[in-house]
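# Descriptive structure summary
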Amino acid sequence: MSIAPYLREIGRGKDGARALPRDKAFDLMNQLLGGELSDLEKGGFALAMRIKGETPEELAGFMDAVLPRTLALHAPSAAIVLPSYNGARKLPNLTPLLALLLAREGVPVLVHGVQVDANRTTSAQVFEALGLPPVSTAAEAEARWATHQPVFMPIAALHPSLADLLALRNVLGLRNSGHTLAKLLPATPGALRVVNHTHPEYAVSLAEFLGQTQATALLMRGTEGEPVADARRLPTLKCFVNGVLDDGLTVDGESGSLAKLPELPSGIDAASTAETIRAMLNGALPVPEPITRQVQCLMALRQRLP
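Across its 14 residues, helix 15 (residues 289-302) extends 20 Å between first and last C-alpha, which sits within 8% of the 20 Å expected from 1.5 Å per residue. By the burial criterion, the buried members of helix 15 are Pro 290, Ile 291, Gln 294, Val 295, Cys 297, Leu 298, Met 299, Leu 301 and Arg 302. Buried residues along helix 15 sit in contact with strand 1 (80-84), helix 6 (95-104), strand 4 (192-197), strand 5 (217-221) and strand 6 (238-241).

Shown next as structure tokens:
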């Protein structure tokens, strides 16, 4: 097997590259995840797609290959899934706060992502500081949900072959399509996903992907790439129901000057962030309004799941 024919299509540069139809995108990703390719071929794919960018149809084909390899998880009711792959570089990572607030509402919450990033504070590290270590098996996840607590599962446990694709970043120094696919994982049957992006062009392609795949999901610009609203200003929360943008549920983002800054820690380390989250949960500090609005939006959107 070889992906050379596909590389000839996608590897012609930003202007000359041609998109793959869904079936060929599936075959390409199936080979990548199946451990059939050399490191050179994997690197060629990663760089070619990084330059070209994924089309919604390619993403759909890639996901056709990704989904069957995902660890089978069964939440007690429709879960909310938060993909956490960026961590904090300038602002505190409040993804665990969002997860804990949703869990308080009786919702099973799955956060998945990387455990360590050399230059950022990850959600895994903040959860550890909160006394909620990662789980690595379906049984552990289900036991944690039974206690009405959120679950953090490393991508290496949730999807080992996709984790290997993400690990190419350590060699190439660049993210690849695997990172986009990881952020799209439903992870549990019938789950509600938060799909977040950083770059504006992804807002368009991800919206088209959600439409093509008839997904129910919340699409938003994440805080430093995390699936949580910026504590300082609410981003637009686009709600898709069965692939269709629902204007009634969608929340418009804030614009203009900030009227008031939330009380946030000066440091972004896991211990400081965990201390602030505890204070917000017990009422000693107010929960930032944008995050409260995101919780309300997700709870309303969850009611629209099939």
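Text resumes after the structure shown.
Under the defined criterion, the tally for this structure stands at 6 salt bridges. Residue Arg 232 is joined to Asp 230 by a salt bridge in which the shortest nitrogen-to-oxygen separation is 2.8 Å.

Let's shift gears to a nonpolar patch on the surface. Together, Leu 47, Val 171, Leu 172 and Leu 174 make up an exposed nonpolar region whose accessible area comes to about 330 Å². With respect to the helices and strands, Leu 47 occurs in helix 4 (residues 39-52).

Attention shifts here to the side chain of Arg 193. Along the chain, Arg 193 turns up in strand 4. It is Asp 64 that comes nearest to the buried, bridge-free Arg 193 among opposite-charge side chains, at 10 Å. Separated by 2.6 Å, the side chain of Arg 193 and the backbone oxygen of Leu 184 make a polar contact.

The rules behind each value
Residues numbered from 1 in each chain as written. Predicted model: local features only at pLDDT ≥ 70, side-chain atom pairs only at ≥ 80, totals over all residues. Heavy atoms only, no water. Helix = DSSP H or I, 4+ residues; strand = E, 2+ residues; numbered from the N terminus. Expected span 1.5 Å × (residues − 1). Buried < 20%, exposed > 50% of the residue type's maximum accessible area, 1.4 Å probe, protein only. Contact = heavy atoms within 4.5 Å. Salt bridge = Lys/Arg side-chain N within 4 Å of Asp/Glu carboxyl O. Patch = residues over 30% accessible without salt bridge, like charges linked within 9 Å, V, L, I, M, F, W, Y side chains within 5 Å. Areas by Shrake-Rupley, 256 points an atom, 1.4 Å probe, with all protein chains shown as cover. Lys, Arg positive; Asp, Glu negative; His and termini not counted. Polar contact = N/O pair within 3.5 Å; in protein donor to acceptor, adjacent residues only side chain to side chain.

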